[in-house]
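Architecture and fold: a report
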Amino acid sequence: MFSRDLWKEIFETISKNKLRTFLSGFTVALGILIFVVLYGFGNGLKNTFNEFFMDDATNTFFVFAGRTSMPYKGFKSNRNIEFKNDDLDDIKKNFPMFLEYITPRISRSALVKYKGESNNYNTRAVGPAHQYNEKTIMMKGRYLNENDVLERTRYAVIGRLVEKDLFGTANAIGKYIDLGGRAFKVIGVFQDDGGDNEERYIYIPYTTRQLIEKNTDKVDQIILGFKQEIGYPGAMAFEKSLNKFLKEKHNISPEDQRAIFIRNVADQLKQNQQFAGVLQLIVLFVAFGTIIAGIIGISNIMVFIVKERTKEIGVRKALGATPRAVISMILLEAVFITTIAGYIGMVIGVVLLNSLGNTLKDYFITNPYININTAIVATFILIIAGAIAGYIPAKRAARIKPIVALRDE
Amino acid sequence: MIEINDLHKSYKMGSNVLHVLKGINFSVKEGELVAIMGSSGSGKSTLLNILGMLDTMDTGTYMLDGVPIKNLNETKAAQYRNKFLGFIFQSFNLINYKTALENVALPLYYQRMPRKERQDKAMKYLERVGLRDWAYHHPNELSGGQKQRVAIARAMAAEPKVLLADEPTGALDSKTSYEVMDLIQKINQEGNTILVVTHEPDIANMCKRIVHLKDGVIEKDELVNQVMAAEYV
Ligand SMILES: Nc1ncnc2c1ncn2[C@@H]1O[C@H](COP(=O)(O)OP(=O)(O)O)[C@@H](O)[C@H]1O
Ligand SMILES: [Mg+2]
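For clarity, every value in this text was computed on a predicted model and none was experimentally measured.

Reading the values: rules and limits
- Residues numbered from 1 in each chain as written.
- Chains lettered and ligands numbered in written order.
- Predicted model: local features only at pLDDT ≥ 70, side-chain atom pairs only at ≥ 80, totals over all residues.
- Heavy atoms only, no water.
- Helix = DSSP H or I, 4+ residues; strand = E, 2+ residues; numbered from the N terminus.
- Buried < 20%, exposed > 50% of the residue type's maximum accessible area, 1.4 Å probe, protein only.
- Contact = heavy atoms within 4.5 Å.
- Buried area = accessible area lost by both parts, 1.4 Å probe.
- Salt bridge = Lys/Arg side-chain N within 4 Å of Asp/Glu carboxyl O.
- UniProt positions renumbered as here; feature names shortened; annotations may be inferred.
- Pairing = 2+ DSSP bridges.
- Axes fitted to C-alpha atoms, helices over the stretch in contact; angles between N-to-C directions.
- Parallel < 35°, antiparallel > 145°, perpendicular 65-115°, else oblique.
- Left-handed = near helix turned anticlockwise from the far one by under 90°.
- Nonpolar A, V, L, I, M, F, W, Y, C, P; charged D, E, K, R; others polar.
- Phe/Tyr/Trp six-rings, centres within 6.5 Å; stacked < 30°, edge-to-face > 60°.
- Lys NZ or Arg CZ within 6 Å of the ring centre and 35° of its normal.
- Polar contact = N/O pair within 3.5 Å; in protein donor to acceptor, adjacent residues only side chain to side chain.

1. A few points about the overall build of chain A
The helix and strand inventory of chain A stands at 13 helices and 12 strands. Counting over 409 residues, chain A shows a buried share of 49%.

So, in structure tokens, the structure goes:
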């Protein structure tokens with residue numbers, strides 16, 4: 001079946017019937033191309049979702065306080081709830097088995113000056129643990145430490161772009177900046193993968209901020225990290241008991257949904273991953289639709305080819321072509337064209353995906369790619385399906401009666 | 001060479017049955033040149049197709065070179081056709097995208113002859129029909145007479161026992177027809193057995209024997225004085 005002569009015969013047929021070869025090859029190549037691109041887009045969508053979370057730790061809760069929405073234990077509705085430093089201590093004391101770190105965050109915008117340069121920046125008054133939750137990377141100097149919190153030092157850790165804005169190419173470490181009318185010493189410069197916004201923050205000790213604001217002990221927001229090993233169910237349980245604990249402590253009705261709000265990043269991530277998974281499934285479904293369409297295309301072309309070659313097949317049979325010879329001729333031609341065209345379509349698709357990179361980021365497609373094995377398997381499926389689809393018309397061709405094919409009309 | 005006994009053939013067309021051949025008895029010896037004559041629709045092609053194993057008979061027996069031709073499956077029929085028979089058709093039936101040489105070599109391909117040998121042999125037969133210089137031309141570059149000569153070379157290339165020609169001159173003008181008949185006569189003189197279906201008396205008279213078909217039976221089977229086509233060329 002795989003003799004050199006048969007291949008010669010097939011190459012001759014292919015090279016002498018260029019339009020037919022092109023049309024069938026084009027359908028196959030297009031099918032694979034669309035599959036590869038769609039599949040790559042599916043991965044690109046997933047990348048986008050992952051990227052939203054990647055630069056921050058995901059074992060994180062953000063705890064906010066708001067106003068009560070119902071009366072409870074003699075307290076009226078619409079009471080303002082605020083966290084204080086002792087809330088941090090209580091959480092530490094009550095949840096040691098869950099808790100990895102905890103830090104408050106007080107966000108204020110401030111005018112910051114250095115020599116001639118000035119600009120408005122968001123400052124975040126935090127504890128040392130904040131570095132873990134934002135995955136802040138120090139470029140030079142150091143981050144805030146426990147001692148800074150205790151001593152209420154006037155130290156600032158600034159983003160890479162803050163240094164660039166205010167200091168140009170000069171080194172900011174050890175210099176004093178004017179932050180909202182007070183001098184702060186720059187002790188560190190950081191970078192962050194989260195993008196430009198993340199690199200325009202200034203971190204100071206939260207106790208320093210509290211001192212500036214009339215020695216208050218209020219904190220806006222509590223950020224805490226739970227131990228990775230408690231897993232997703234552990235995180236959900238922790239969220240629940242933390243909610244209950246804070247409500248009891250602040251005399252809030254257990255039914256009140258407004259007063260305390262916990263943003264559970266792990267839960268959000270999971271939901272988003274599920275969403276991305278569903279999206280990818282849909283894309284995959286569409287992509288397989290394309291493959292099916294490609295297969296149908298191949299069988300149509302095969303039916304057409306056999307019809308077009310009816311007379312030729314009749315002649316060949318009269319000259320001694322066995323049914324087997326006819327089937328191998330038709331089938332091998334189809335498989336050969338499908339293989340070459342499928343390969344071309346796959347390569348174009350992969351190259352196209354690679355060249356896209358981040359150009360479609362506005363459409364939530366980041367770095368679309370296809371695993372090369374997936375592409376090869378898909379191409380293989382199409383080739384095999386094409387062969388099966390081609391077998392039926394080839395078999396029909398083999399059954400063509402020479403007298404019917406050769407009748408002169 | 002050919003032995004046929006009580007051959008019947010009918011075609012079913014819906015509820016009608018068209019009885020085309022109603023008991024043909026007929027034999028051909030090696031080296032004969034036989035014309036099968038009859039009006040259009042008399043069953044000449046049907047008979048030739050059965051002899052060529054392109055069609056099956058309903059009842060009767062058929063022996064070809066001592067081999068009974070009966071209940072052949074497709075593969076066997078193809079192999080027998082390749083080995084025993086060469087076909088020449090009214091409309092040539094060359095493959096358009098192949099050169100004259102490739103067309104002639106095709107039956108040898110199905111004999112699994114090596115490529116080089118195949119081409120040498122095909123070239124030899126093309127030379128015999130006077131078309132050596134046209135070997136690498138495609139059929140659409142050839143005249144009708146040339147095409148039929150290529151077809152004759154193709155039929156002979158596999159060196160079959162019998163050549164079957166169905167109205168080989170039907171699509172040609174008379175001058176070209178005589179040239180083709182001249183070629184057929186020469187091939188016959190070399191000892192080949194040839195059956196020619198025709199409805200033209202002058203073509204039939206260039207054979208050595210004429211079988212007249214009418215109403216599904218052989219009406220007359222006569223030896224004739226062969227008219228040499230060369231006289232008209
Ligand atoms: N495949 C077929 N199905 C039905 N009728 C056929 C078929 N082939 C031939 N016939 C009929 O059989 C008769 C003989 O046909 P044919 O052998 O081709 O005649 P000839 O070659 O002598 O002109 C004609 O009437 C023709 O219509
Ligand atoms: Mg006829």
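Next comes the rest of the description.
2. Let's talk about the interface of chain A and chain B
Contact residues are listed per partner, giving 27 residues for chain A and 27 residues for chain B. Carbon and sulfur atoms supply 55% of the area buried between chain A and chain B, which totals about 2400 Å² over both sides. Across the contact surface, chain A and chain B share one salt bridge. Linking Lys317 of chain A and Glu74 of chain B is a salt bridge whose minimum nitrogen-to-oxygen distance equals 3.2 Å.

3. Points about the UniProt feature "transmembrane region" (unreviewed entry) in chain A
Residue and element names in this part refer to chain A. Listed under "transmembrane region" (unreviewed entry) in the UniProt record, and renumbered for this structure, are residues 21-41, 278-305, 326-352 and 372-392. Helix makes up 100% of residues 21-41 and strand 0%, with an end-to-end C-alpha separation of 30 Å. Regarding residues 278-305, the helix share stands at 100% and the strand share at 0%, and the terminal C-alpha atoms are separated by 40 Å.

4. Describing the pairing of strand S4 (residues 117-126) of chain A
Residues and elements named next belong to chain A. Looking at chain direction, strand S3 (residues 99-114) and S4 are connected through 10 bridges and run antiparallel. Bridge assignment links Arg108 to a residue of S4, and that residue is Thr123. Counted along the chain from S3 to the antiparallel partner S4, the turn is two residues long, and its residue Lys115 has a positive phi close to 50°. Bridging between S4 and strand S9 (residues 201-205) involves five bridges; their strand directions are parallel. Bridging across to S9, Arg124 finds its partner in Tyr203.

5. Points about the sheet that holds strand S3 (residues 33-37) of chain B
Residue and element names in this part refer to chain B. The mixed open sheet is built from six strands, whose spatial order is S6-S7-S8-S3-S9-S10. This sheet does not close on itself; its edge strands, each paired only once, are strand S6 (85-88) and strand S10 (217-223). Neighbour-to-neighbour, the strand axes of the sheet open up by a mean angle of 20°, direction not taken into account. Sitting on the sheet, helix H5 (residues 144-157) is in contact with S6 and strand S7 (162-166), with an inclination near 170° to S6.

6. As for the packing of helix H3 (residues 85-94) of chain A against helix H8 (residues 231-249) of chain A
When two helices pack together, their arrangement is given by the angle between the helix axes and by the axis-to-axis distance. All names here are of chain A. Direction vectors running N to C along H3 and H8 enclose 135°, while the axes themselves pass 12 Å from each other. Considering the angle they form, H3 stands oblique to H8. By crossing handedness, the relation of H3 to H8 is classed as right-handed. Where H3 approaches H8, its residues Asp86, Asp87, Asp90, Ile91 and Asn94 are matched on the opposing element by Leu242, Phe245, Leu246 and Lys249. Here the residues of the contact of H3 with H8 are counted per class, giving four nonpolar, one polar and four charged.

7. Observations concerning the packing of aromatic side chains
All names here are of chain A. Here the structure, examined in full by the defined rule, presents 22 aromatic pairs over all chains. A ring pair is formed by Phe64 and Phe261, whose centres lie 6.0 Å apart and whose planes are at 25°; its orientation type is stacked. Pair noted here: Phe64 is in strand S1 (residues 60-65) and Phe261 is in strand S12 (residues 260-264), with a separation of 197 residues, a long-range link. Between the aromatic rings of Tyr143 and Tyr203, the centroid separation amounts to 5.8 Å while the plane-to-plane angle is 55°, which identifies the pairing as tilted. One end of the pair, Tyr143, is in the loop between strand S5 (137-141) and helix H5 (146-151); the other, Tyr203, is in strand S9, with 60 residues separating them in the sequence. Considered together, Tyr143 and Tyr203 belong to a single accessibility category, that of buried residues. Cluster of aromatic residues (ring-pair linked, three or more members): Phe61, Phe95, Phe98, Phe226, Phe238 and Phe245. The ring of Phe75 carries the charged tip of Arg79 above its face, separated from the ring centre by 4.3 Å. The ring of Tyr232 is capped by Lys270, whose NZ or CZ atom sits 4.4 Å from the centre of that ring.

8. Remarks on the side chain of Asp148 of chain A
Summarising the element assignment, Asp148 of chain A is placed in helix H5. In this structure the side chain of Asp148 of chain A is engaged in a polar contact, spanning 2.9 Å, whose partner is the backbone nitrogen of Asn145 of chain A.

9. Notes on the sheet that holds strand S4 (residues 59-64) of chain B
Residue and element names in this part refer to chain B. With respect to topology, four strands assemble into an open sheet ordered S2-S1-S4-S5, the strand pairing being antiparallel. Each edge of the sheet is formed by a strand with only one pairing partner; in this case those strands are strand S2 (16-28) and strand S5 (67-68). In this sheet, S2 lies alongside strand S1 (residues 2-13) in antiparallel orientation, the contact comprising 10 bridges. Among the inter-strand pairings, Ile2 is bridged to a residue of S2, identified as Val28. With respect to the sheet, helix H1 (residues 44-51) is in contact with S1, S2 and S4, its orientation differing from that of S1 by roughly 120°.

10. Details of the pairing of S7 of chain B
Taken residue by residue, a regular strand's side chains alternate between the two faces of the sheet. All names here are of chain B. Of all the five residues making up S7, five are buried; the element is thus mostly covered by neighbouring parts of the structure. By the alternation rule, side chains of S7 split into Val162, Leu164 and Asp166 and Leu163 and Ala165, which are all buried. In terms of strand pairing, S6 meets S7 through four bridges, oriented parallel. Within the sheet, the bridge partner assigned to Phe87 lies in S7 and is Leu164.

11. Regarding the pattern of salt bridges
Under the defined criterion, the tally for this structure stands at 29 salt bridges over all chains. Arg209 of chain A is paired through a salt bridge with Glu213 of chain A; the nearest N and O atoms lie 4.0 Å apart. Using a relative accessible area of 8% as the deciding quantity, one classes Arg209 of chain A as buried. On the basis of relative accessible area, Glu213 of chain A is assigned to the partly exposed category, the value being 28%. Glu179 of chain B serves as the salt-bridge partner of Lys175 of chain B, at 3.0 Å between the closest nitrogen and oxygen. One end of the pair, Lys175 of chain B, and the other, Glu179 of chain B, are both in helix H6 (residues 174-189), four residues apart, so they sit about a helical turn from each other. Owing to a relative accessible area of 54%, Lys175 of chain B belongs among the exposed residues under this scheme. Look at Glu179 of chain B and you get partly exposed, because its relative accessible area is 24%. What emerges from the salt-bridge pattern is a single network uniting Asp86, Asp87, Asp90, Lys93 and Lys249 of chain A.

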